[in-house]
Amino acid sequence: MSKTPKKRSIVFFMVPQFTMLPFTAAVETLRIANRMLGYDAYEWRLASIDGLKVTSSSGIALEANTSLAEERKCIGGENRPSMVLVCSGIDIDQYVNKSVNAWLREVNNRGIAVGSLCTGAHVLAQAGLLNGKRCAIHWENLPGFSEAFPQVEVYADLYEVDGNIYTCAGGTASLDMMLNLIGQDFGENLVNRVCEQQLTDRVRNPHDRQRLPLRARLGVQNDKVLSIIELMERNLSEPLSLLDIAEGADLSRRQVERLFRQEMGRSPARYYLEIRLDRARHLLVQSAMPVVEVAVACGFVSASHFSKCYREIYNRTPQQERAERKLVISASRMLAASQGKAAH
């Protein structure tokens, strides 16, 4: 008696302004696996809230196969998926839909795997599916996410698999997460064949770093300076004194000052301020945290001092930064709405 071929059905739920790269990387990886196997082991369909087209952040709109209402009916029927992946991208902190949250909870309760591509972990967290769970999200969104969902164990990993929950950081990390899924289903040999087709030279570890190492990112070769910067980045909410930093690097205060002037072109205090303000900027544009809470989270003793430093670096106040961001989001939504009307 012949063995029934293994199959997996995946629903890609598209959130407006989703990012194309992780979506296409995931779908193409599955398509290549099907080609190598000689049959459609992986089937997928695209879903949207209303079953209509969804415009990505690149302006490319994709047709949906089903609506949320239709997907709810599928949960208990023959078209029940084996996995649901939320695809999102920019401005995800502005997306709140109670119907989507309820559907995702129902999917999870029925034993169906749930996951996300790029910033989709926001949606899973809003639905309460990540409480006490490990998840991965893009490094740029990590500060805002960790402040908004302190009960979630979030990491700047490529992807995380925690039980029946799959999350990835976006970009090409969705390729790695799909390769992990294929490996679970069919083994290493198929994974290697898919990699060869994709011209991928290796399967990355889920805990590989997202960003370039500091040495490459900053163009700095001095090990002492790099270790000091890493120390600074680990202590943003409660900044260390220059004396503590010097002791941690086993250097004198004067040596630290000289090294930073030489390697970074600025004082260590100035550089420390800049990376704290960079984190603050991410929190301002990616979260609804009050400005005073953003200031505290980034190690400033008062909102007025924070505002003064922020204006000096970015030539605008934190309040102006947030107001400009709201205008951009509003314009983006209006454009997406007009494109949707034109398409239908």
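Relevant structure appears above.
Everything quoted here is computed from the prediction, not taken from an experiment.

Visitor: I'd like a rundown of the nonpolar core, residues and numbers included.
Guide: In terms of nonpolar packing, the biggest core is built from 39 residues, with F12, F18, F23, L85, L117 and M177 touching the most fellow members. For this core, the secondary structure elements donating two or more residues are strand 1 (8-14), helix 1 (20-37), strand 2 (42-48), strand 6 (83-87), strand 7 (113-117), strand 11 (165-168), helix 6 (173-186) and helix 7 (188-198). It is helix 1 that provides the largest number of residues to this core, a total of nine residues. Each residue touching F12, except ones within four places of it in the same chain, is listed here: F23, A26, V27, L30, W44, R45, L46, A47, L85, C87 and L117. The next biggest cluster of nonpolar side chains, apart from the first, holds 31 residues, and it includes F13, L68, V84 and A121.

Visitor: Residue-level account of the packing of helix 1 against helix 6, with values.
Guide: With their axes 8 Å apart at the nearest point, helix 1 and helix 6 run at an angle of 30° to one another. In this view, helix 1 runs roughly parallel relative to helix 6, as classed from their interaxial angle. As helix 1 packs across helix 6, the resulting crossing turns out to be right-handed. Between helix 1 and helix 6, the contacting residues are L21, P22, A25, A26, T29, L30, A33 and L37 on the first element and S174, L175, M178, L179, I182 and F186 on the second. Of the residues contributing to the contact of helix 1 with helix 6, the split by class is 12 nonpolar, two polar and no charged.

Visitor: Please provide a residue-by-residue account of unusual backbone geometry, values included.
Guide: If you check the backbone angles, L199 has positive phi at about 60° while not being a glycine. Its location among the elements puts L199 in the loop between helix 7 and helix 8 (214-218). With relative accessibility at 78%, the residue L199 sits in the exposed group. Of note, the phi angle at D250 is positive, near 60°, even though the residue is not glycine. Turning to its location among the elements, D250 is positioned in the loop between helix 10 (242-248) and helix 11 (253-263).

Visitor: Kindly report on the packing of aromatic side chains, identifying the contributing residues and their values.
Guide: Inspection of every chain in the model, using the stated rule, returns nine aromatic pairs. With centroids separated by 5.5 Å and ring planes inclined at 85°, the aromatic side chains of F12 and F23 adopt a geometry described as edge-to-face. With F12 in strand 1 and F23 in helix 1, this residue pair connects regions lying 11 residues apart in the sequence. For the pair F12 and F23, a shared accessibility class is recorded, and that class is buried. A centroid spacing of 5.1 Å and a plane angle of 45° characterise the contact between F300 and F306, whose relative ring orientation is tilted. Take F300 and F306: they sit in the same class, and that class is buried. Through pairs of rings, three or more aromatic residues link up here, namely F300, F306, Y310 and Y314. The residue whose ring lies beneath R276 is F300, and the NZ or CZ to ring-centre distance is 4.3 Å.

Visitor: How would you summarise helix 7 if you had to cite specific residues and measurements?
Guide: Within helix 7, burial applies to L190, V191, V194, C195 and Q198. Along the axis of helix 7, the buried residues cluster in a sector spanning 140°; they form a single face. Among the exposed residues of helix 7, those oriented more than 90 degrees off its buried face are N189 and E196. Where helix 7 is buried, its residues meet helix 1 and helix 6. Once helix 7 finishes, L199 follows within two positions and takes phi at roughly 60°, a positive value.

Visitor: Give a detailed account of the packing of helix 6 against helix 7, specifying residues and quantitative values.
Guide: Helix 7 packs onto helix 6 with a crossing angle of 145° between their chain directions and a minimal axis gap of 7 Å. Residues L175, L179, I182, G183 and F186 of helix 6 lie in contact with helix 7, whose contacting residues are E188, L190, V191, V194, C195 and Q198. Here the contact of helix 6 with helix 7 is composed, by residue class, of eight nonpolar, two polar and one charged.

Visitor: Give a description of helix 1 that names residues and reports values.
Guide: Between its terminal C-alpha atoms helix 1 stretches 26 Å, which fits the 26 Å expected from 18 residues at 1.5 Å a residue. Regarding helix 1, the residues found buried are M20, P22, F23, A25, A26, V27, T29, L30, I32, A33, N34 and M36.

Visitor: Requested: an account of the pattern of salt bridges, with residues and values cited.
Guide: Overall, the coordinates contain 17 salt bridges when judged by the stated rule. Its salt-bridge partner being R8, residue D185 comes within 2.7 Å of it at the nearest N-O pair. With D185 in helix 6 and R8 in strand 1, the pair connects residues that are 177 residues apart, well separated along the chain. D185 sits in the buried class, given a relative accessible area of 14%. Linking E274 and R270 is a salt bridge whose minimum nitrogen-to-oxygen distance equals 3.4 Å. Of this pair, E274 and R270 both sit in helix 12 (residues 268-286), four residues apart, which is roughly one turn of that helix. For E274, a relative accessible area of 22% puts it in the partly exposed group. Take R270: its relative accessible area is 29%, and that puts it in the partly exposed class. Salt bridges here are not isolated pairs; linked through shared partners, they connect R266, R270, E274 and E312.

Cut-off values and rules
What you see as residue numbers is a count from 1 along each chain, following the sequence as written. Confidence filtering applies because this is a predicted model: local features only for residues at pLDDT of at least 70, side-chain atom pairs given and counted only at 80 or more, and all residues used for totals across whole chains, interfaces and linings. Side-chain figures throughout are based on the complete set of non-hydrogen atoms in the structure, without hydrogens or water. Residues belong to one nonpolar core when they are buried, are Ala, Val, Leu, Ile, Met, Phe, Trp, Tyr or Cys, and are joined through side-chain atoms within 4.5 Å. Exposure categories follow from relative accessible area, calculated using a 1.4 Å probe and restricted to protein chains: below 20% of the type maximum is buried, above 50% is exposed, and the middle band is partly exposed. Only DSSP runs of H or I reaching four residues or more are called helices, and only runs of E reaching two or more are called strands; each is numbered from the N terminus. Note on contacts: a residue pair qualifies if any of its non-hydrogen atoms lie within 4.5 Å across the two residues. Angles run from 0 to 180 degrees between N-to-C directions of axes, and those axes are lines fitted to C-alpha atoms, restricted for helices to the stretch in contact. Angles below 35 degrees are treated as roughly parallel, those above 145 as roughly antiparallel, those between 65 and 115 as roughly perpendicular, and all remaining angles as oblique. Crossing handedness follows the turn of the near helix against the far one: under a right angle anticlockwise gives a left-handed crossing, and clockwise gives a right-handed one. Classes in brief: Ala, Val, Leu, Ile, Met, Phe, Trp, Tyr, Cys and Pro nonpolar; Asp, Glu, Lys and Arg charged; the others, Gly included, polar. Only the six-membered ring of Trp is used, alongside the rings of Phe and Tyr, when aromatic pairs are assigned; centres must lie within 6.5 Å, and planes under 30 degrees apart are stacked while those over 60 apart are edge-to-face, with the rest tilted. Put simply, a charge is over a ring when the Lys NZ or the Arg CZ is close to the ring centre, within 6 Å, and near the line of the ring normal, within 35 degrees. To obtain the arc, one takes the directions from the helix axis to the C-beta atoms. For a helix, the expected span equals 1.5 Å multiplied by the number of residues minus one. Salt-bridge detection follows one rule: a side-chain nitrogen of Lys or Arg within 4 Å of a carboxyl oxygen of Asp or Glu.

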